[in-house]
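# Results of the structural survey
Okay, here's what each chain looks like letter by letter:
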Amino acid sequence: MPGIKNPIFQKTVIYICEHTQEGAMGIIINKPLQTLKIKNILQQLNINPSSCLFGPKVKETIIMGGPQAQERGFILHSSKKRFYSSIQISEETVITTSRDILESIAILEEPTNILVALGYCTWDKNQLEHELLNNFWLTSTVNQKILFQTPINKRWISATQNIGIDIYKLSIHFGHA
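Residues numbered from 1 in each chain as written. Predicted model: local features only at pLDDT ≥ 70, side-chain atom pairs only at ≥ 80, totals over all residues. Heavy atoms only, no water.

The next point concerns the packing of aromatic side chains. With the rule as written, the count across this model stands at three aromatic pairs. Seen from their ring centres, Phe9 and Trp137 are 5.8 Å apart, and the 85° between their planes marks the pair as edge-to-face. Taken as a pair, Phe9 in the segment before strand 1 (14–20) and Trp137 in the loop between helix 3 (127–133) and helix 4 (144–148) lie far apart in primary sequence, 128 residues in all. There is no split in this pair, since Phe9 and Trp137 are both buried. Pairing Phe74 with Tyr120 gives two aromatic rings, centres 5.4 Å apart and planes at 70°, and the pair type is edge-to-face. With a gap of 46 residues between them, Phe74 in strand 5 (residues 68–77) and Tyr120 in strand 8 (residues 114–123) connect regions that are remote in the sequence. The class for Tyr120 is buried, based on a relative accessible area of 19%. An aromatic cluster is built from Phe9, Trp123 and Trp137, whose rings are joined through pairwise contacts. (Phe/Tyr/Trp six-rings, centres within 6.5 Å; stacked < 30°, edge-to-face > 60°. Helix = DSSP H or I, 4+ residues; strand = E, 2+ residues; numbered from the N terminus. Buried < 20%, exposed > 50% of the residue type's maximum accessible area, 1.4 Å probe, protein only.)

Another aspect to go through is the environment of Gln68. Locating Gln68 in the fold gives a position in strand 5. Relative accessible area serves as the criterion here: at 37%, Gln68 is assigned to the partly exposed category. On a C-alpha basis, the gap between Gln68 and Leu118 in space is 8.9 Å, while along the polypeptide they are 50 residues apart. Beyond its immediate sequence surroundings of up to four residues, Gln68 is in contact with Gly119, Tyr120 and Thr122. (Contact = heavy atoms within 4.5 Å.)

We now examine the environment of Phe148. With respect to the helices and strands, Phe148 occurs in helix 4. On the basis of relative accessible area, Phe148 is assigned to the buried category, the value being 11%. Remark: the alpha-carbon pair of Phe148 and Ile29, spanning 119 residues in sequence, is separated by 9.0 Å. Apart from the residues lying within four places of it in its own chain, the contact partners of Phe148 are Leu76, His77, Ser78, Asn113, Ile114, Leu115 and Arg155.

What follows concerns the pairing of strand 4 (residues 61–64). One ladder, built from two bridges, connects strand 3 (residues 32–37) with strand 4; its direction is antiparallel. Its bridge partner being in strand 4, Lys37 is matched across the sheet by Thr61. (Pairing = 2+ DSSP bridges.)

Each disulfide is one covalent bond, formed between the sulfur atoms of two cysteines. Under the definition given, this model contains zero disulfides. Cysteine Cys17 shares no disulfide, and the gap to the nearest cysteine sulfur, in Cys121, comes to 9.3 Å. Cys17 sits in the buried class, given a relative accessible area of 16%. A residue is classified by how much of its surface remains accessible, and Cys121, at 1% relative accessible area, is buried. (Disulfide = S-S within 2.5 Å.)

Below you can see the structure in the form of C-alpha cells.
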C-alpha cells in the first residue's frame, strides 16, 4: 500500500513462494540491485559463459529479493526443466537455488523466463495475515507477464492495475468497516 514507511517495502511487489500455518516466504520482484548483473554472479562463481557473455540473460539485472539472507540466491523461472534444488511453486512457476541453473543460463539453455534475486522476505506465524487485516498489502493473483516480462520499474503499477486499482487514487489512511 502507498502508506508503508519502510523503504525496503515502499512500492514493492512480492511474489509469495510459500504460505503455511507456520508463516510465509516471498521474493521481491521489483527492486533492482543497480549495478549487479547475472554475468557478475557467474564470474564470482567461476562459471565461464565464454562467448555467451553477450547473451540476453546474462545481462539481466539481479533483484533485491528481500532483507533476509541477502547473500543467498533464488531464481524464479517458468521452465519445464528441473534442476537440483527446484521446487514447484505453481503450475507455471518454479524456484531454484542450485548452481546448475546458473550453468544452464550461462550457455543459454533453459529456462526461458528467469528472475534472479538475492535475499528473501519472511513472515512469522500469522504475521502476514495480521498485516493484510491492517491494510499493509494489496493482494493479487500471479501474473506471469508481470513476473517475467514487465520492465522492473513498471511492475508495481502493473500489479495494481492487474486487480483494477489506480494506486494513485488510494489514500494512505485506512480503517475497518
